[in-house]
Amino acid sequence: MSSQPVTFFDVPPSSGDVPTRLPSPFAPGPPGPLARRAAEVLQEQLRRERWEALEQPGGGKMFGVLVVAAPGGRVGFLRAFSGMLGGAWNVEGFVPPLFDPVAREAFWPAGEAELAALGQRHAALLQAVEEEPARATELAEVGHLRAERSRELWRRMALCYVIPNARGESQPLGALFAPRPPPGGAGDCAAPKLLAYAFRHHLRPLALAEFWWGASPLDGRRESGVYYPACDNKCGVVLPYMLQGLSVEPAPRPATVLEDPCILHEDPWVLVVDKPVGLSTVPERHAPARDSVLVRLQRRFPELGGSDVLHDLEREASGLLVIARDAATRAALLRQFARREAELRQVSWVEGPVAGESGVIELPLRGTSHAPLEDCVDRAHGKRAMTAWKVLERGQGRTRVEWVAVTRHPFQVRVHAAHRLGLGAPVVGDARFGREDTRLMLHAEALAFTHPHTKARLSFTVPVPF
């Protein structure tokens, strides 16, 4: 197809199909007829071209179209994709990214190589600390260094983005999110790319539509061909600035704010909190400002960092978390967990009957953050992962199970529950490895450890809410 990003309609739209105001990008539901017409043209193109990367597990992505009016009055539309497509930022027929590629190339490759080396070192230490608990301090230091280097790399990357608005003004991406760094991927969604191209080429935005195309993400929350509103985390800051100067329909009211985590214990060295369901434990790697237990606690305890959280409960789970307030306390608690002198007990309902009454699952894990279930277990290259389990109750086609994770990896309990070599029974409500329900029925019920400074044995229990 032509390299010209604007595709003009062969049949001009009727006046009734052209919105008098730009519909809000944050409004749920299907787009209007003109935006849908443009989206269906792009969808047909994607069907013909069959991008292999989009069909891989978790490989789909968001696409967008922006209907625009050219200075002479002709109406057409622009195409965009979120992030990269087929490993490329620039693809013929789609609008370009917002960042300056020359400025990016000056530092990004070297920064990525450094992060990869730190990641390999961290992975090796994570395995070694189980046999040599004294190396827990070194593990924590490498984790902290990796997090700092990652944040610094993204801060530099954010300087390469300049965000325009409809008034002809512009701001660096970082200034829109100041004083915190922007979330990872801010500016790379389809909608900001489309609007930026329109403003810079004197095209008047009329209607926007964004849809998912390809394989569903691994959390199962997107379906191919379905329209979705702009995201709140990144576009919730970027788009309102870009739309200044345009007549836009009002945005829908924000969703209900999640309750704060409840602090059960606080002293100069340790915090213990009860995490509510729906709130992440820590923000994403490149999104340090994203709502999470850590971000909310930093309002009172600004010195806290992501490595201070001793275990990470998934956003969909709930229950107890322990947080160290200094490096010495963190190292001491890590040693206790490695030696099994500290314990975190979780409870869940799992789908179907379970054979036996108790046992230990030992399945080495690799790539649990994004891989499909079968690929999460890797006997050749995976890290040692062990979980003890015990049946608490049976009934109504489900089994209530108690879990004590001897090792601590992301999604460990959920993988060990769902995998055919584990229990073969996914946690109820696990949309990624099983099927959706009212919630993920996994809760960290009990926590016990010896205080590294007072030497008192501390125990905490939060009743299971399901």
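Structure first, text after, so check above.
Our subject in this report is the structure included herewith.

**Topic: the overall build of the chain**
- Per the secondary structure count, the chain includes 12 helices and 15 strands.
- In terms of overall dimensions, the chain is globule-like: its C-alpha atoms have a radius of gyration of 24 Å, near the 23 Å expected for 466 residues.
- C-alpha extents for the chain along the principal axes are approximately 75 × 45 × 40 Å.
- Among the 466 residues that make up the chain, the fraction classed as buried is 50%.

**Quick look at the nonpolar core**
- Counting 44 residues, the largest nonpolar core has Leu 78, Ile 163 and Leu 173 as the members making the most contacts within it.
- Among the secondary structure elements, those contributing two or more residues to this core are strand S2 (61-69), strand S3 (75-81), helix H4 (108-128), helix H5 (136-158), helix H6 (173-177), helix H7 (190-200) and helix H8 (235-242).
- Ranked by residues supplied to this core, first place goes to H7 with eight residues.
- The contacts of Leu 173, once residues within four sequence positions are left out, are Trp 154, Ala 158, Tyr 161, Ile 163, Pro 182, Ala 186 and Val 238.

**Considerations on the packing of aromatic side chains**
- A complete count under the given rule lists 11 aromatic pairs for this structure.
- Both rings, one in Phe 9 and one in Phe 77, keep their centres 5.5 Å apart while their planes meet at 40°; by these two values the pair is tilted. With Phe 9 in the loop between strand S1 (7-8) and helix H1 (33-49) and Phe 77 in strand S3, this pair connects stretches of sequence that are 68 residues apart. For the pair Phe 9 and Phe 77, one class covers both residues: buried.
- With a centroid separation of 6.1 Å and an interplanar angle of 15°, the aromatic rings of Phe 63 and Phe 211 are classed as stacked. Of the two residues, Phe 63 sits in strand S2 while Phe 211 sits in strand S6 (residues 204-213), which places them 148 residues apart along the sequence.
- Phe 63 gets classed as buried once you look at its relative accessible area, which sits at 0%.
- Here a set of aromatic residues connected by ring pairs shows up, and it is made of Phe 63, Phe 81, Phe 94, Phe 211, Trp 213 and Tyr 227.
- A cation sits over an aromatic face here: Arg 222 above Tyr 228, 4.4 Å from the ring centre.
- The residue whose ring lies beneath Arg 432 is Phe 411, and the NZ or CZ to ring-centre distance is 4.8 Å.

**A word on the pattern of salt bridges**
- With the rule as written, the count across this model stands at 23 salt bridges.
- Among the ionic pairs, Glu 316 bridges to Arg 414, the shortest N-O distance being 3.6 Å. Of this pair, Glu 316 sits in the loop between helix H9 (293-297) and strand S9 (318-324) while Arg 414 sits in helix H12 (residues 412-418); the two residues are 98 residues apart in sequence, bridging distant segments of the chain.
- By relative accessible area, Arg 414 is classed as buried at 2%.

**Thoughts on the pairing of strand S14 (residues 442-450)**
- Most of S14 is tucked away, with eight of its nine residues classed as buried.
- The sheet contact formed by S9 and S14 spans two bridges and is parallel. When the bridges of S14 are listed, Gly 319 appears paired with Ala 444.
- Where strand S10 (residues 343-351) lies against S14, six bridges are found, and the strand directions are antiparallel.

**Considering H7**
- Of all 11 residues in H7, 10 are buried; the element is thus mostly enclosed.
- Considered for burial, the residues of H7 that qualify are Ala 190, Ala 191, Pro 192, Lys 193, Leu 194, Leu 195, Ala 196, Tyr 197, Ala 198 and Phe 199.
- Directly beyond the C-terminal end of H7, a positive phi value near 60° is found at His 202.

**Considering the sheet that holds S6**
- The strand order across the open sheet built from four strands is S1-S3-S2-S6, with neighbouring strands paired in antiparallel fashion. Two strands bound the open sheet, and with one partner strand each, they are S1 and S6.
- With nine bridges joining them, S2 and S6 adopt antiparallel strand pairing. Paired with Phe 63 across the bridge in S6 is Phe 211.

The rules we used
Residues numbered from 1 in each chain as written. Predicted model: local features only at pLDDT ≥ 70, side-chain atom pairs only at ≥ 80, totals over all residues. Heavy atoms only, no water. Helix = DSSP H or I, 4+ residues; strand = E, 2+ residues; numbered from the N terminus. Rg over C-alpha atoms; globule rule 2.2 N^0.38 Å. Buried < 20%, exposed > 50% of the residue type's maximum accessible area, 1.4 Å probe, protein only. Core = buried A, V, L, I, M, F, W, Y, C linked by side-chain atoms within 4.5 Å. Contact = heavy atoms within 4.5 Å. Phe/Tyr/Trp six-rings, centres within 6.5 Å; stacked < 30°, edge-to-face > 60°. Lys NZ or Arg CZ within 6 Å of the ring centre and 35° of its normal. Salt bridge = Lys/Arg side-chain N within 4 Å of Asp/Glu carboxyl O. Pairing = 2+ DSSP bridges.

Everything listed here is a matter of coordinates, which is why it stays silent on function.
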